[in-house]
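# A structural walkthrough
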Amino acid sequence: TSKFPIAICTWGFAEANAKAGEALSNNSSALDAAIEGVAVEEENIKNTTVGKGGTPDRDGNVTLDACVMNSDGDCGAVLCVENITNVAALAKKVMEDTPHVMLAGKGAEEFAYAQGFKKEELLTEASKKAWEKWKETSKYKPIINIENHDTIGMLTMDNNGNMAGACTTSGLGYKMKGRIGDSPIIGSGLFIDNKIGGAVATGMGEEVVKTVGSFLIVELMRQGKSPQEACEEAISRIVSKGNRYKDFQIAYLAMNKAGDIGSYCIHKGFTYMKYQDGKNEQNQSDYYNK
Ligand code: SD4
């Protein structure tokens with residue numbers, strides 16, 4: 001049995017993870033496999049936290065955030081983009097075809113059309129109905145594990161042991177217009193150092209950004225912590241700030257250069273997928289609030 005390739009991703013996105021794993025087995029680069037994998041959820045209209053079918057902001061606009069990072073340490077991101085489904089692929093275009101790392105809003109959208117991406121309506125009938133229902137009360141309270149929490153973050157290791165990753169989301173449901181979360185922020189929603197390992201985050205993005213969670217995990221692994229220990233330390237930075245963590249969920253998933261995997265979250269319920277040796281399995285994460 002060979003250790004590589006490996007694909008892991010947040011939540012029970014079996015099809016997305018299998019897609020990445022199979023691409024890796026067919027010698028795809030780590031980054032292309034991750035982008036192909038997450039595209040399954042970007043295109044899945046039943047996933048109301050990623051891509052097409054994503055929950056809109058409070059004004060009814062579906063705005064997407066995504067980033068990618070490759071094994072050379074190059075990265076790209078798009079923030080608050082409308083009308084484009086495959087925003088992780090778009091983030092790769094920013095990385096490869098512009099002198100920049102991030103493009104936001106209309107600029108990102110125009111760049112997408114110039115690159116041949118299709119203009120699409122991202123608000124589905126179902127998410128429009130749910131938004132109209134939400135407007136009756138307009139209460140904004142993030143719900144742990146459900147509704148607000150199905151972002152896909154993926155880490156891949158190819159046949160040569162090189163790592164990459166992608167993170168893509170529609171962000172928190174009914175967020176303020178223009179709000180950006182952790183998912184497109186390199187070092188927060190995603191970070192890869194091909195010498196050390198990588199990490200991805202899902203959950204209440206504001207808290208991940210405040211603690212630069214994914215970068216923190218990779219740096220802790222650099223200092224000798226296992227992926228599991230590093231994820232636990234990153235969660236501890238958040239929960240040690242006081243009781244507010246009771247109202248939100250954050251989950252981290254990490255992999256080191258040896259292919260060891262760790263995950264930790266605040267509240268029970270986070271799962272992740274692992275593809276290795278041709279097998280695609282769902283795993284439960286350990287959690288803090290017992
Ligand atoms: C955000 N981290 O925008 C994302 C939300 C998320 O599943 O993970 N949803 O803050």
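Scoring rules and cut-offs
Residues numbered from 1 in each chain as written. Predicted model: local features only at pLDDT ≥ 70, side-chain atom pairs only at ≥ 80, totals over all residues. Axes fitted to C-alpha atoms, helices over the stretch in contact; angles between N-to-C directions. Helix = DSSP H or I, 4+ residues; strand = E, 2+ residues; numbered from the N terminus. Parallel < 35°, antiparallel > 145°, perpendicular 65-115°, else oblique. Left-handed = near helix turned anticlockwise from the far one by under 90°. Contact = placed C-beta atoms within 7 Å. Nonpolar A, V, L, I, M, F, W, Y, C, P; charged D, E, K, R; others polar. pLDDT = per-residue confidence, 0-100. Buried ≥ 20, exposed ≤ 12 C-beta atoms within 10 Å, placed from the backbone.

A separate point is the packing of helix α7 (residues 213–222) against helix α8 (residues 227–239). Their axes nearest at 9 Å, the elements α7 and α8 cross at an angle of 135°. In terms of orientation, α7 and α8 fall into the oblique class. Of the two possible hands of crossing, α7 and α8 adopt the one that is right-handed. For the pair formed by α7 and α8, the contact residues are Gly213, Leu216, Ile217, Leu220 and Met221 on the first element and Pro227, Ala230, Cys231, Glu233, Ala234 and Arg237 on the second. Of the residues belonging to the contact of α7 with α8, the class tally is 8 nonpolar, 1 polar and 2 charged.

In this section: the confidence of the model for the protein. Mean pLDDT for the protein: 95, with 96% of residues reaching 70 or above. This prediction of the complex comes with two scores: 0.97 for pTM and 0.98 for ipTM.

Moving on, we come to unusual backbone geometry. The amide bond that connects Phe4 to the next residue, Pro5, takes the cis arrangement and shows omega of 0°. Mapping Pro5 onto the fold places it in the segment before β1 (6–10). Even without being a glycine, Trp11 presents a positive backbone phi close to 65°. Structurally, the position occupied by Trp11 is in the loop between β1 and α1 (14–25). Overall, the presence of 26 C-beta atoms within 10 Å leaves Trp11 in the buried class. Backbone geometry at Cys80 places phi at a positive 55°, although glycine is not the residue there. Note on placement: Cys80 falls in strand β3 (residues 75–81). Residue Cys80 is classed as buried on the basis of its C-beta count, with 23 C-beta atoms lying within 10 Å.

Along the polypeptide, Gly197 turns up in strand β8 (residues 197–203). With 28 C-beta atoms counted inside 10 Å, the residue Gly197 sits in the buried group. Taking the C-alpha atoms as reference, Gly197 lies 25 Å from Lys268; in sequence the two are 71 residues apart. Once you skip the residues sitting within four places of it in the chain, Gly197 turns out to touch Met163, Val218, Met221, Pro227, Ala254, Met255, Asn256 and Lys257.

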